[in-house]
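Breakdown of the fold
So you can see what is in the structure, the chains are spelled out below.
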Amino acid sequence: MAQIFDPIPNNAQKALLCCYVNATSQIQIARITNIPNWYFERVVFPGQRLVFEAVPSSLLEIHTGMMASAILSDTIPCERLRIDDDQDGMSLEESVLEPTQGIPDTIHARSSTPLAVATC
């Protein structure tokens, strides 16, 4: 999967296809800052899935938006967010677009408690 903005560094090892789901009711900022010569930052709205490429040693920081500030609420190794290319014979496009695959029904309810979902 090629990214138009902020491609991973050319000298990076194998790229991982990753997915993060914002299962909270708050806006979050997803950021990777631990890879030299690469900076990744995206806004993730409540209920949104973020699909991205990263190197295996990347750490995804999740900053939860508050009034005029953001608090670092989680740091997730990108290895844990990895999407397998062949999940039970399903194509990558099907696994990314299926809204409930691997996510318990209880997570779909809105909650004021931050909750990170590391599977798609």
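The coordinates are above.
Residues numbered from 1 in each chain as written. Predicted model: local features only at pLDDT ≥ 70, side-chain atom pairs only at ≥ 80, totals over all residues. Heavy atoms only, no water.

What follows concerns the overall build of the chain. Each helix and strand in the chain was counted, giving 1 helix and 7 strands. Along the chain, from the amino end to the carboxyl end, the secondary structure elements read β-β-β-β-β-β-α-β. Counting across all 120 residues of the chain, residues that qualify as buried make up 36%. For the chain, the accessible area works out to roughly 7100 Å², and carbon and sulfur atoms hold 56% of it. (Helix = DSSP H or I, 4+ residues; strand = E, 2+ residues; numbered from the N terminus. Buried < 20%, exposed > 50% of the residue type's maximum accessible area, 1.4 Å probe, protein only. Areas by Shrake-Rupley, 256 points an atom, 1.4 Å probe, with all protein chains shown as cover.)

The next thing to look at is a nonpolar patch on the surface. Judged by side-chain polarity, Ile27, Val43 and Phe45 come together as a nonpolar surface patch covering roughly 260 Å² of accessible area. As for its placement among the helices and strands, Ile27 is situated in the loop between strand S1 (16-22) and strand S2 (28-32). The exposure class assigned to Ile27 is partly exposed, which follows from its relative accessible area of 41%. (Patch = residues over 30% accessible without salt bridge, like charges linked within 9 Å, V, L, I, M, F, W, Y side chains within 5 Å. Salt bridge = Lys/Arg side-chain N within 4 Å of Asp/Glu carboxyl O.)

Strand order in this open sheet of 4 strands is S3-S2-S5-S6, and the pairing throughout is antiparallel. Of all the strands in the sheet, the pair left with one neighbour each is strand S3 (40-44) and strand S6 (69-77). Direction aside, the axes of adjacent strands within the sheet are offset by 25 degrees on average. Bridge analysis of S2 against strand S5 (residues 59-66) gives 4 bridges, and the strand direction is antiparallel. The residue of S5 that forms the bridge with Arg31 is Glu61. (Pairing = 2+ DSSP bridges. Axes fitted to C-alpha atoms, helices over the stretch in contact; angles between N-to-C directions.)

The pairing of S5 with S6 spans 8 bridges and is classified as antiparallel. Directly across from Gly65, in S6, lies its bridge partner Ala70. Adjacent in sequence and paired antiparallel, S5 and S6 are bridged by 2 residues, among which Ala68 carries a positive phi angle near 60 degrees.

So, about the pattern of salt bridges. Pairing is possible between side chains that carry opposite charge, provided their charged atoms lie close to one another. Tallied over the entire structure, the rule returns 1 salt bridge. The shortest N-O distance in the salt bridge between Arg31 and Glu41 comes to 2.6 Å. With Arg31 in strand S2 and Glu41 in strand S3, the pair connects residues that are 10 residues apart, well separated along the chain.

Next up on the list: the nonpolar core. The biggest cluster of nonpolar side chains holds 19 residues, and the ones touching the most others in it are Tyr20, Ile32, Phe52 and Leu60. Mapped by element, the contributors of at least two residues to this core are S1, S2, S3, strand S4 (49-54) and S5. (Core = buried A, V, L, I, M, F, W, Y, C linked by side-chain atoms within 4.5 Å.)

Going through the model one piece at a time under the given rule, you end up with 2 aromatic pairs. Judged by centre distance (5.8 Å) and plane angle (35 degrees), the ring pair of Trp38 and Phe40 falls under tilted. Both residues of the pair, Trp38 and Phe40, belong to the buried class. Here a set of aromatic residues connected by ring pairs shows up, and it is made of Trp38, Phe40 and Phe52. (Phe/Tyr/Trp six-rings, centres within 6.5 Å; stacked < 30°, edge-to-face > 60°.)

Turning our eyes to something else, we now look at the environment of Asn37. Mapping Asn37 onto the fold places it in the loop between S2 and S3. For Asn37, a relative accessible area of 76% corresponds to the exposed category. Expressed as a C-alpha distance, the spacing of Asn37 and Ile8, which sit 29 residues apart in the sequence, is 8.8 Å.

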